[in-house]
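Coordinate analysis (summary)
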Amino acid sequence: MRIAQVAPLIESVPPQAYGGTERVVSYLTEALVEMGHDVTLYASGDSVTSARLVAVTDRNLRLNPQRPDWVTWHTIMTDRVFSDADRFDVIHFHVDTLHLPLARRVAVPSVTTMHGRLDLPDLQPLIRHFREHPLVSISDSQREPLPWANWQATVHHGLPASLYSFHPRPGDHFAFVGRISPEKRVDRAIEIAIACNTPLRIGAKVDAADRLYFETHIEPLLEHPLVDFVGEIDEAEKNDFIGNARALLFPIDWPEPFGLVMIEAFACGTPVISYPNGSVCEIMEHGVTGFVAHNQEQAIAAARRIGEIDRRRCREAFEARFTAPAMARRYLAVYRGLIDTPPQKPEASGGAHGGEDSDRRQVVRRRDLSPY
């Protein structure tokens, strides 16, 4: 099958450090190539892949000191993709929604994986306007704000089976990995660790948008002797950083679309302690791969008894559900379904305010592709 994978230009594929979407695109691309498919990857020029690389920019946008405009370069990439459309059997987008107007005008089937939160105010009218466009969710919970969209499947993320090694005997510390932001709640993780008198290692980046939050709310907490703020870590560092931890603390306070770090922890054999928001109860099994807590009292109690979790069961759950080949096979089923099914015609828009759903909008903080 001739497949185009269209990645964000914010990070390289795979990312040099933090980056969820670009990392998943890399795992998927490499798995498809290994299965014998002809894959073309549209990405930044510093990407590394066994597929055919079409470099739209010399380097990823986030680390470019010239701070290039992300809309400009994603627009150029979209045009290049559709100019090449007749070379492919299917085009798979991972870049939000900028491509939708052209996708409905090209005969080659395309599909978009929605990698972010879907309860944003303007997504209702946008997705309704392009309601015929095929979408894939990364968890069932992610699609709840838009149940009427043209969902083709839910495809959970997957990792290469050999990427992380099983760590049967952890050290005496907890880990927090990801991004410092209000919704990730590293402050909760710090509170849990201190209550358990257990060191906490924090491997996390601070986006420019979260710098003030970090300086005013989190930085003072880092002075505690049990807290070790390492900063942003890359993929190679994660294996031991997560694998040597007694537990990964994931006390989120937002509708997490997937939570890639949870399955990274399972791959290492490390159990997870989390709040039941977004996809959490879909990805982890309470009492088997970790504990789900509804408040800090429960989270602290769970952290104190985390040794009850069999780390082998965590690794087994990863191997059974969350490998890159399994993810690739599910996407191939989506591609074949699109190729075998005539495209839908565009439907009439629900209007500028999104029809009957407009009254149920929530005003939330938008996180789009912008690296700035």
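Residues numbered from 1 in each chain as written. Predicted model: local features only at pLDDT ≥ 70, side-chain atom pairs only at ≥ 80, totals over all residues. Heavy atoms only, no water.

Description of the overall build of the protein
If you tally the helices and strands in the protein, you get 12 helices and 13 strands. Relative to a compact globule of 372 residues, whose C-alpha radius of gyration would be 21 Å, the protein shows 21 Å and is just as compact. Seen through its C-alpha atoms, the protein measures out along the principal axes to roughly 60 × 50 × 40 Å. Per-residue burial over the protein gives 56% buried out of 372 residues. Within the protein, contacts between residues at least 6 apart in sequence are counted, and of these 67% link residues at least 24 apart. (Helix = DSSP H or I, 4+ residues; strand = E, 2+ residues; numbered from the N terminus. Rg over C-alpha atoms; globule rule 2.2 N^0.38 Å. Buried < 20%, exposed > 50% of the residue type's maximum accessible area, 1.4 Å probe, protein only. Contact = heavy atoms within 4.5 Å.)

Considering unusual backbone geometry
Residue P14 is reached from V13 by a cis peptide bond, and omega for that bond is -5°. The phi torsion at R185 lies on the positive side, around 60°, for a residue other than glycine. Residue placement: R185 occurs in the loop between β8 (174–179) and α5 (186–195).

Looking at the side chain of S47
Here S47 lies in the loop between β2 (38–44) and β3 (52–57). Overall, S47 belongs to the buried group, its relative accessible area being 8%. Not counting residues within four places of it along the chain, the set of residues in contact with S47 comprises S12, V13 and L53.

Concerning α5
Taken as a whole, α5 has its buried residues at V186, R188, A189, I190, I192 and A193. N197 lies just past α5 and shows a positive phi near 50°.

Remarks on the sheet that holds strand β6 (residues 135–137)
Pairing is parallel in the open sheet, where seven strands are placed in the order β3-β2-β1-β4-β5-β6-β7. Lying at the two open borders of the sheet, with one neighbouring strand each, are β3 and β7 (151–154). Looking at each pair of strands side by side, their axes are set apart by 20° on average, direction ignored. Bridge count for β6 against β7 is three bridges, and the pairing is parallel. (Pairing = 2+ DSSP bridges. Axes fitted to C-alpha atoms, helices over the stretch in contact; angles between N-to-C directions.)

Quick look at the sheet that holds strand β9 (residues 200–205)
Within the open sheet, the six strands sit side by side as β10-β9-β8-β11-β12-β13. Their pairing is parallel. The open sheet has two free edges, formed respectively by β10 (227–229) and β13 (290–292), since each of these has just one partner strand. Sheet twist, expressed as the mean angle between neighbouring strand axes with direction ignored, is 20°. Helix-sheet contacts for helix α10 (residues 296–304) involve β8, β12 (272–274) and β13, and the interaxial angle to β12 is about 170°.

Let's talk about the environment of K238
As for its placement among the helices and strands, K238 is situated in helix α7 (residues 235–243). Look at K238 and you get buried, because its relative accessible area is 7%. A C-alpha to C-alpha distance of 26 Å links K238 and L53, two positions 185 residues apart in sequence.

Points about the packing of helix α1 (residues 20–34) against helix α12 (residues 324–340)
The geometry of α1 relative to α12 is characterised by a closest axis approach of 9 Å and an angle of 80° between their N-to-C directions. On the basis of their axis angle, the class for α1 and α12 is roughly perpendicular. Seen from α1, the contacting residues are V24, Y27, L28, A31 and L32; seen from α12, they are A324, P325, M327, A328, Y331, L332 and Y335. The residue inventory of the contact of α1 with α12, partitioned by class, reads 12 nonpolar, no polar and no charged. (Parallel < 35°, antiparallel > 145°, perpendicular 65-115°, else oblique. Nonpolar A, V, L, I, M, F, W, Y, C, P; charged D, E, K, R; others polar.)

A few points about the packing of aromatic side chains
Taken as a whole, this structure holds five aromatic pairs when the rule is applied. With 6.2 Å between their ring centres and 80° between their planes, Y42 and F88 make a pair best called edge-to-face. Of this pair, Y42 sits in strand β2 while F88 sits in the loop between α2 (70–83) and β4 (90–93); the two residues are 46 residues apart in sequence, bridging distant segments of the chain. Of the residues examined, F88 reaches a relative accessible area of 6% and is grouped as buried. When the centroid spacing of 5.5 Å and the interplanar angle of 35° are considered together, the rings of F214 and F229 count as tilted. Residue F214 is located in helix α6 (residues 211–218), and its partner F229 is located in strand β10; the two are separated by 15 residues in the primary sequence. Taking the relative accessible area as the measure of exposure, F229 reaches 30% and is therefore partly exposed. The side chain of R128 reaches across the aromatic face of W148, ending 4.1 Å from its centre. Over the face of the ring belonging to Y275 we find R188, whose NZ or CZ atom lies 4.0 Å from the ring centre. (Phe/Tyr/Trp six-rings, centres within 6.5 Å; stacked < 30°, edge-to-face > 60°. Lys NZ or Arg CZ within 6 Å of the ring centre and 35° of its normal.)

A short note on the pairing of β8
When you tally the buried positions in β8, you get six out of six residues, the bulk of the element. Relative to β9, β8 runs parallel, the two sharing six bridges. Across the sheet, residue G178 finds its bridge partner in β9, namely A204. Bridge count between β8 and strand β11 (residues 247–250): two bridges; the pairing is parallel. Residue pairing in the sheet places A175 in a bridge with L248 of β11.

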